Amino acid sequence: MFDYQAPPQALAKRTILVTGAGDGIGRAAAICFATLGATVILVGRSTEKLEAVYDDIVERNLPTPAIYPCDLSRSKEEDYSEMATILENEFGKLDGLLHNASILGERTPISQYEASTWDNVMQVNVNAAFMMTQALLPLLEASKDASIVFTSSGVGTQGKAYWGAYSVSKFATEGMAQILAAELENISSIRVNIINPGATRTNMRAKAYPGEDPVSNPTPEDIMPVYQYLMGPDSQGTTGQRFDAQALSGPF
Ligand code: NAP
């Protein structure tokens, strides 16, 4: 596992938005950031799941989070502009943006891939992250030390049979993160990096590998060290890099 432990309150006074915060890795990241003192904005499509995470954070006496229900498969440019306006009025700045929400789509050959599923995967995994990032950049610029993290996958750098739109969407995510990092490097203090979580015990992993014993994979909580590192001040100046959450050492 990536070797890092943030000091207590490392994320105090930071406001961090997490997409897909209702379940899996996003849920663990939101709770982890709150535990380190951050105010987290919980974005996801299921209000019920977001409320459960909200309650969990409040019960632990951590900074009160915010809930922002948003279905990334339907949201359009104007919805992200509205999101930016609401967050600006409420928080004034954004110190962290974790693009975590994704869908798997179908595990099927390209020759049989449904075009509508392809569109939906690209919409949620790529287009939504593009539109949200663009709308929120001014708020991220208002922080002296903002961090954007994109989530990729092992199939984001190496195509594998039957991974279809999911794999293509992760290649696109890697490209988007590299381009944005290069564009911001000399003109902004915003850093942009990529995490490859590796096999992790979530609903998505169970759907992709139904025959696998879930206990053979680490939990979302186990892979949090690299998330803590990239959202906190210790990663200032680190940009355009790809991190394996489960690697024994730092970025390749
Ligand atoms: P997960 O358990 O399926 O959680 C995904 C989250 O995204 C859920 O909260 C889900 O909401 C949300 N989401 C899906 N579609 C959405 C939409 N249209 N609008 C808003 N939110 C939406 O997946 P995970 O395993 O935690 O994956 C998190 C990230 O890690 C993804 O980017 C995934 O590609 C990446 N990853 C995971 C693994 C792994 O082994 N788990 C490996 C490599 C990469 P609902 O709960 O309502 O469905």
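Refer to the structure presented above.
Residue numbers here run from 1 along each chain, matching the order of that chain's written sequence. Only residues with pLDDT of at least 70 are given local features in this predicted model, and only at 80 or more are side-chain atom pairs given and counted; all residues enter the totals for whole chains, interfaces and linings. Only hydrogens and water are removed before side-chain values are computed, so all heavy atoms of the structure are retained for them.

Considerations on the pairing of strand β1 (residues 15-19)
Next, step 1: Type-normalised accessible area, obtained with a 1.4 Å probe on protein chains alone, sets the label of each residue: buried when under 20%, exposed when over 50%, and partly exposed for intermediate values. Strands here are runs of E lasting at least two residues and helices are runs of H or I lasting at least four, both read from the DSSP assignment and numbered beginning at the N terminus. Summarising burial for β1: five of the five residues are buried, a large majority.
Next, step 2: Side-chain alternation along β1 places T15, L17 and T19 on one buried face and I16 and V18 on a second face that is also buried.
Next, step 3: By definition, two strands form a pair when at least two bridges between them are found by DSSP. As defined by bridge partners, β1 adjoins strand β2 (residues 39-44) across five bridges and the pair is classed as parallel. Its bridge partner lying in β2, L17 is registered against I41.
Next, step 4: Seen with its strands pointing away from the viewer, a crossover is right-handed if its path from the first strand over the helix to the second goes clockwise. Following the chain from β1 across helix α1 (residues 24-35) to the adjacent parallel β2, one finds a crossover that is right-handed.
Next, step 5: Sheet analysis places β1 next to strand β4 (residues 96-99), joined by three bridges and oriented parallel. Paired with V18 across the bridge in β4 is L98.

Quick notes on a negative patch on the surface
Next, step 1: Together, E48, E51, D55 and E59 make up a region of like negative charge exposed at the surface.
Next, step 2: Among the secondary structure elements, E59 is positioned in helix α2 (residues 47-59). To count toward a patch, a residue needs a relative accessible area over 30% and no salt bridge; like charges are then connected within 9 Å, while nonpolar side chains (Val, Leu, Ile, Met, Phe, Trp, Tyr) are connected within 5 Å. Calculation of accessible area relied on Shrake-Rupley with a 1.4 Å probe; when residues are assessed, cover is drawn exclusively from the protein chains displayed. Every case where a carboxyl oxygen of Asp or Glu lies within 4 Å of a side-chain nitrogen of Lys or Arg is listed as a salt bridge. We treat Lys and Arg as the positive residues and Asp and Glu as the negative residues; His and chain ends play no part in the count. By convention, charge coordinates are those of NZ in Lys, CZ in Arg, CG in Asp, or CD in Glu.

What about the site of the ligand?
Next, step 1: Near the ligand you find 31 residues, and of these R45, K49, N100, Y166 and T202 are the closest.
Next, step 2: Whenever a nitrogen or oxygen atom comes within 3.5 Å of another N or O atom, the pair is scored as a polar contact, on the condition that within protein one atom can donate a hydrogen and the other can accept it, and that pairs from neighbouring residues in sequence are kept only if both atoms are in side chains. One of the side-chain nitrogen or oxygen atoms of R45 is found 2.7 Å away from an oxygen atom of the ligand.
Next, step 3: In isolation the ligand has 900 Å² of accessible area, and contact with the protein removes 92% of it.
Next, step 4: Residue assignment for the shell around the ligand shows that the elements contributing at least two residues are α1, α5 (164-184) and α6 (203-208).
Next, step 5: Considering every element that reaches the shell around the ligand, the biggest residue donor is α6, with three residues. A molecule or strand has a residue near it when one of that residue's heavy atoms lies within 4 Å.

Focus: the pattern of salt bridges
Next, step 1: Under the definition given, this model contains ten salt bridges.
Next, step 2: Put simply, K49 and D23 hold a salt bridge, and the shortest N to O gap is 2.8 Å. Of this pair, K49 sits in helix α2 while D23 is found in the loop between β1 and α1, placing the two residues 26 residues apart along the sequence.
Next, step 3: Judged by relative accessible area, K49 falls into the partly exposed class, the value being 37%.
Next, step 4: E174 is the salt-bridge partner of R242, the closest N and O atoms lying 2.7 Å from each other. Taken together, the residues R242 in strand β7 (residues 242-244) and E174 in helix α5 connect sequence positions 68 residues apart. The same class applies to R242 and to E174, which are both buried.

Notes on the nonpolar core
Next, step 1: Here, the term nonpolar core denotes a set of buried Ala, Val, Leu, Ile, Met, Phe, Trp, Tyr and Cys residues that are joined through side-chain atoms within 4.5 Å. Counting residues in hydrophobic clusters, the biggest one holds 40 residues, and the most contacted among them are L17, Y80, M83, L136 and V192.
Next, step 2: Among the secondary structure elements, those contributing two or more residues to this core are β2, β3 (66-69), α3 (77-91), α4 (115-141), β5 (147-151), α5 and β6 (191-196).
Next, step 3: Of all the elements, α4 adds the most residues to this core, at twelve residues.
Next, step 4: A10, F33, L42 and A245 belong to the second-largest nonpolar core, a separate cluster that totals 36 residues.

A short note on the pairing of β5
Next, step 1: Counting buried positions along β5 yields five of five residues, so the element is predominantly enclosed.
Next, step 2: Side chains of β5 alternate between two faces, with S147, V149 and T151 and I148 and F150 buried alike.
Next, step 3: The sheet contact formed by β4 and β5 spans four bridges and is parallel. Bridge pairing in β5 places G96 opposite S147.
Next, step 4: Taking the sense of rotation as the criterion, the β-α-β connection linking β4, α4 and β5 turns out right-handed.
Next, step 5: Alignment of β5 against β6, held across five bridges, turns out to be parallel. Looking at the pairing, T151 lines up with I195 of β6.
Next, step 6: Each parallel crossover has a hand, and for β5 linked through α5 to β6 it is right-handed.

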